[in-house]
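An overview of the molecular structure
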Amino acid sequence: MIPRPHVCEPGGGAPFEVTASTAIVVRPTPEEITLAVVAADLLSSGAGSPVEIRYVDDGSAGVIALHLTPDGSPADDERYTLTVTASRVVIDAPRRTGLVHGLATLRQLLRPVGTGAGRRLVAPAVHIEDAPRYRWRGLSVDVARHFFGLDELKVLVTLLTRYKLNVLHLHLTDDQGWRLDVPSRPLLTERSAGSAVGGDPGGFLRTVEYTELVEFAAARGVTVVPEIDIPGHVNAALHAYGELTPSGRPTGVYTGIDVGFSRLSADVPATEAFLRDVFTDVAALTPGRYVHIGGDEVTEMSAEEYARLVGIAAAAVHAAGKRVVGWQEVASVSLSPGSLVQVWDHRLDPTDVISAVRAGARVLLSPGPHAYLDMKYDASTPLGLEWAGHIELRDAYEWEPSTFLAGVPADAIEGVEAAVWTETIRSLDELTTMLLPRLAALAEVAWSAPEDRDWADFRVRVAQHGAVWDRAGFAWYASPQVDWVAGPA
C-alpha cells in the first residue's frame, strides 16, 4: 500500500471476495449516496460487474459498509479505520473524506484473481488505522504552457485519489495562454486562450467545465485551488487587454519558455480594477478555501510596486472570503495570518519566509530538487527541464519536510505539494510518465509519519504498482532503482 498506513495488522482469516452479489451499504444522506456512487463505480470497473448500493446495514455478509460516525473533533478529520474479514468490509470515519481515503486503501488491497469470466477481486483480511501527517497533500499542474482539458484533468483527479492526495492546484495563467473563462474579462479567453508553447494548440476551461471539475474532484476528496499568476507571468493578460500596458497597446502572442519579461504596472489606471475583478470572479467560481495569487519570478519591479500589486490581489481574495496562497516571493509582503507561502526555489534566501511564519503565515513545501516532477529523471530523459537537477524516484522520496527549511518550525508546515510544469509536456501520456512513479513517493512523504517511511520498504511496495498503472492505462517511467513486478498485482 502507498502511502504506508500508520497501523496495519493482518487479520489471519480468509480474504474478502467481490462477487456479483457484493453491495455497498451507506445511510441515505446526500453526501453518503454521492460517495457510494463513486465507490460503486470504482469497484464495478475492477470487478467487471455492477456493484449494488443499499441503504440499510443489517449485518449481512458480502457487503462493504461505509460508516460515517461524526465525533465532533476537528483534529484528524481525514482519519479512517478499515477492517476486512472474509464476510464483510467496514470503513469507519468521522468525516466523508476519511471514507474516501478508506476506499482508496481498499482499492489498493483488492487484487484480481483468475482470468476471463472467472476473474474476480479479493482483499486480504486486515485491520488498518490511518490518518495523514499533513492537511495539504497536493499536485500543481501547469495548464498554461500546454493546455490540459476537463477529461484529462478528471483522469488526474482519479490518480490523486488513489494516493490520498487532496489538492489539485491549477496554474491557469501565464505568458503563453489564459485557461479559465472569467466573466468580467471575456477577452482573456477570446484573445489569449488559443496559444501555447511552440505554437501548439491552446484551449481553456469554460465556466461550466471548471464547475464540473470542481464538483467531480470534491466527490473524490480533492479540492481544486485555482492560480492566477500576478504581477509577472502576465503576457497573456497584456495581449488580451492592451490598456494594462503603459503604452496602451496589447503585447504580441508569446510561445517561448523564457520567464521574467512580463509584468503588470501599478500606475496604469486599468490595473487595480483588473486585479480586483479577476480575483473576485475566480473566488466566486471556487468553493474551496484558497485562491493562489502567484507572485513568482518578477525580475524588474521595485519592492514597493510589487507589494502594492500583491496587496490588491490579496485584498480581493480576502474580500471574497478566501485565503491567499502565493509562491515564496510573496513572503516579502505583509500577509494575513493563515496565508500560505509555497516554497519552491531552494536557491532563494529564506529570510522573508521565516519572517512571514513568525507573523502567522504557514508554509507549503514544493522544493525543486524533490517535488518538481517536470525535472528529468536523468540526463537521458527526453522530457523535462534540469534547472533543479535530476530527480530520480529516491530523490522524490528521501527528504524530510519538517527539517527542510532551517528556521521554520515543524508545526508551521501546512503540507507538501508536487509540481509539474508543461514547457516540454504535450500529452496526458507524457504527463503521467513524468508523474509516475515519483508522485507516489511524494504522496507517502505527505501522508506517512517519518517513522513509517523507509526507502528499502517503499521500493518493494511501489514495484507492484507498475502493473496497476498498466491496467489503468497510465504511461509511466520504469525507474531502474526498482525491481518492477510484472503481471497482475
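In the block above lies the structure referred to throughout.
What you see as residue numbers is a count from 1 along each chain, following the sequence as written. Local features in a predicted model are, by the rule used here, given only for residues with pLDDT of at least 70; side-chain atom pairs are given and counted only at 80 or more, and totals for whole chains, interfaces and linings are based on all residues. Where side-chain values are given, they derive from all heavy atoms of the structure, hydrogens and water being excluded.

Before going further, it helps to spend a moment on the environment of His67. Structurally, the position occupied by His67 is in strand 5 (residues 63-68). Sequence separation between His67 and Val26 is 41 residues; the distance between their C-alpha atoms is 6.8 Å. Should any heavy atoms of two residues lie within 4.5 Å, those residues are counted as being in contact. Excluding its chain neighbours within four sequence positions, the residues that come into contact with His67 are Asp57, Val90, Ile91, Asp92, Ala93 and Leu99. The term polar contact refers here to a pair of N or O atoms within 3.5 Å; inside protein, the definition further demands a hydrogen-donor-capable atom paired with an acceptor-capable atom, and it admits residues adjacent in sequence only when both atoms are side-chain atoms. A polar atom in the side chain of His67 sits 3.1 Å from the side chain of Asp57. Counting from the N terminus, the helices are DSSP H or I runs at least four residues long and the strands are E runs at least two residues long.

The next thing to look at is unusual backbone geometry. Cis geometry is found at the peptide bond from Ile2 to Pro3, where omega equals -5°. Tracing the backbone through its elements, the reader meets Pro3 in the segment before strand 1 (7-10). With an omega dihedral of 0°, the bond running from Ile230 to Pro231 counts as a cis peptide bond. Relative to the helices and strands, Pro231 resides in the loop between strand 13 (223-230) and helix 6 (235-240). Not every positive phi belongs to a glycine, and Lys164 is a case in point at roughly 60°. Within the element layout of this structure, Lys164 appears in the loop between helix 3 (150-162) and strand 12 (167-171). Here Glu297, not a glycine, exhibits a phi torsion of approximately 50°, which is positive. With respect to the helices and strands, the residue Glu297 is situated in the loop between strand 14 (290-294) and helix 8 (303-319).

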